[in-house]
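Residue-level structural notes
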Amino acid sequence: MIEQLSPGAYPVPLHEKDHIPIVMAASEEFLPYTCVAMHSVLAHGREECGYEFLLLSQNGYSPEGLALLETTIKDYPSCAIRLVTVGGYLPETLYTEGHVSGETYARLLIPRLLKHYNDVLYLDGDLVVLQDVFPLLSLPHDPEIYLSGVTDLDVLGQYCGPERSMRYYLEKKLHMHRAAEYLQAGVLVFHVQAMRAGLGEDALLKASTSGCFRYFDQDVLNVLCQGHIRLLDLRWNVVCDCDGYRVSHIIANTPEELQKGYVASRQDPWIVHYSGRQKPWADEKTDLGSYFQQAMAQVQLETQCLKEQKRPAESSRKRMLNRILPPQSRLRELCKILYFSYMYSSFKQL
């Protein structure tokens, strides 16, 4: 079933028992990859559960996009997709850049739009699920916990390593001093009622207009929920080794226990997340890309729409920058600190 919710509606859960509510956000362009992620959830799910995807978009979808969604769930009668158009809720002043669109910020609306839900699972569209997600929606209740997720090893590695600009940014601009509790936002459990009670329904969205964040809405979530998060097993969000650089130059800087945990999680991933600029549908050399190829074959989508997007080539400007200021060099880090100091000087205190 696919249901278009009317603007301003507050959806009510479709099921009372064994209910799996999952929130995703996707533009029309990104919808094919999101459909692969959706199907991977269902392929590893439980027959007795009712799956409800709440799909957020700025402007809705074309007939072709709706047909793609129908194809994705055609073999799963217990699954419903509910379309929520959020363009009217998002401020025009949101900071976007490159591949980041308005849909990126849509998850900040969860406390407001899903006020009738207790816990919901949020998933990015550039991932593949390889394990039953039911345990994520069966976590112990704690009114002091707003978010559950996995440590962002990318951010932590930059914080612990020679990239001093990340330490400056987290501590001086975001006022965060527990980098090991900074969550990667591609897989999150929103404890909606606890978040509404502790922050209110609009705090996340209001904070998103307070400055130009380095990691956009992910920063907002981490700042406002710091001290109220639960860390999950690393296997729930295994990030790929983007460009063959992330593991050796960034994750290698994290505490030894987390490095070992990440290596172990790659051997038995529960969710593989293609975070970063390298995507398996655009670059066949993407680390852990075989999981995506297998998932794509299972959903049997029109493969052409999954291959049209090509990986953007590195710009000549970036190549020149890397020659002049090598990554992680002291001079580059100093320049980044000065840049961040200027770029984020307009921050309002969150």
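Described in the following lines is the structure provided in the data block. Here the residue numbering is sequential within each chain, running from 1 through the sequence in written order. Where local features are concerned, this predicted model is filtered to residues with pLDDT of at least 70; where side-chain atom pairs are given and counted, the filter is 80 or more; whole-chain, interface and lining totals use all residues. Each side-chain value is derived from all of the structure's non-hydrogen atoms; neither hydrogens nor water enter the calculation.

1. Regarding helix H2 (residues 63-73)
The test is simple: The buried label goes to any residue with under 20% of its type's maximum accessible area, the exposed label to any with over 50%, and the partly exposed label to all in between, with areas taken from a 1.4 Å probe on protein chains only. In DSSP terms, a helix is any run of H or I states spanning at least four residues, a strand is any run of E spanning at least two, and both are numbered starting from the N terminus. What the arc describes is the spread of directions from the helix axis to the C-beta atoms.
Regarding H2, the residues found buried are Gly65, Leu68, Leu69, Thr72 and Ile73. Burial along H2 is one-sided: seen end-on, the buried residues are contained in an arc of 120 degrees. Turned more than 90 degrees off the buried face of H2, the exposed positions are Pro63 and Glu64.

2. So, the packing of aromatic side chains
For the record, the criterion: Each Phe, Tyr or Trp ring (for Trp, its six-membered ring) is paired with any other whose centre lies within 6.5 Å, and the angle between the two planes then decides the class: stacked below 30 degrees, edge-to-face above 60, tilted in between.
According to the stated counting rule, one finds six aromatic pairs in the structure shown. Ring geometry for Phe30 versus Tyr33: centroids 5.3 Å apart, planes at 70 degrees, classification edge-to-face. The partly exposed category is assigned to Phe30, whose relative accessible area is 24%. With 5.5 Å between their ring centres and 55 degrees between their planes, Trp281 and Phe292 make a pair best called tilted. Of this pair, Trp281 sits in the loop between strand S11 (271-273) and helix H11 (289-299) while Phe292 sits in helix H11, and the two are eleven residues apart along the sequence.

3. Remarks on the packing of helix H4 (residues 153-160) against helix H5 (residues 164-173)
Note the following rule: Only C-alpha atoms enter the line fits that serve as axes; for helices the fit covers just the stretch in contact. Angles between N-to-C directions range over 0 to 180 degrees. Roughly parallel refers to an angle under 35 degrees, roughly antiparallel to one over 145, roughly perpendicular to one between 65 and 115, and oblique to any angle outside these ranges. Residue contacts follow a heavy-atom distance rule, with two residues in contact if any of their heavy atoms lie within 4.5 Å. Lys, Arg, Asp and Glu make up the charged group, whereas Ala, Val, Leu, Ile, Met, Phe, Trp, Tyr, Cys and Pro make up the nonpolar group; the residues left over, Gly among them, are polar.
Between H4 and H5, the least distance of the axes is 6 Å, while the angle of their chain directions is 105 degrees. When the axis of H4 is compared with that of H5, the two are roughly perpendicular. Contact with H4, carried on its side by Val155, Gln158, Tyr159 and Cys160, involves Met166, Arg167, Leu170 and Glu171 of H5 and no other residues of that element. Split into classes, the residues belonging to the contact of H4 with H5 amount to five nonpolar, one polar and two charged.

4. A word on the pattern of salt bridges
Note the threshold: Here, a salt bridge means any side-chain nitrogen of Lys or Arg that lies within 4 Å of a carboxyl oxygen of Asp or Glu.
Within this structure, the stated rule accounts for 17 salt bridges. With a closest N to O distance of 2.7 Å, Arg82 and Glu52 form a salt bridge. One end of the pair, Arg82, is in strand S4 (residues 79-85); the other, Glu52, is in strand S3 (residues 50-57), with 30 residues separating them in the sequence. The shortest N-O distance in the salt bridge between Arg277 and Asp243 comes to 3.7 Å. Of this pair, Arg277 sits in the loop between S11 and H11 while Asp243 sits in the loop between strand S10 (238-239) and helix H9 (246-249), and the two are 34 residues apart along the sequence.

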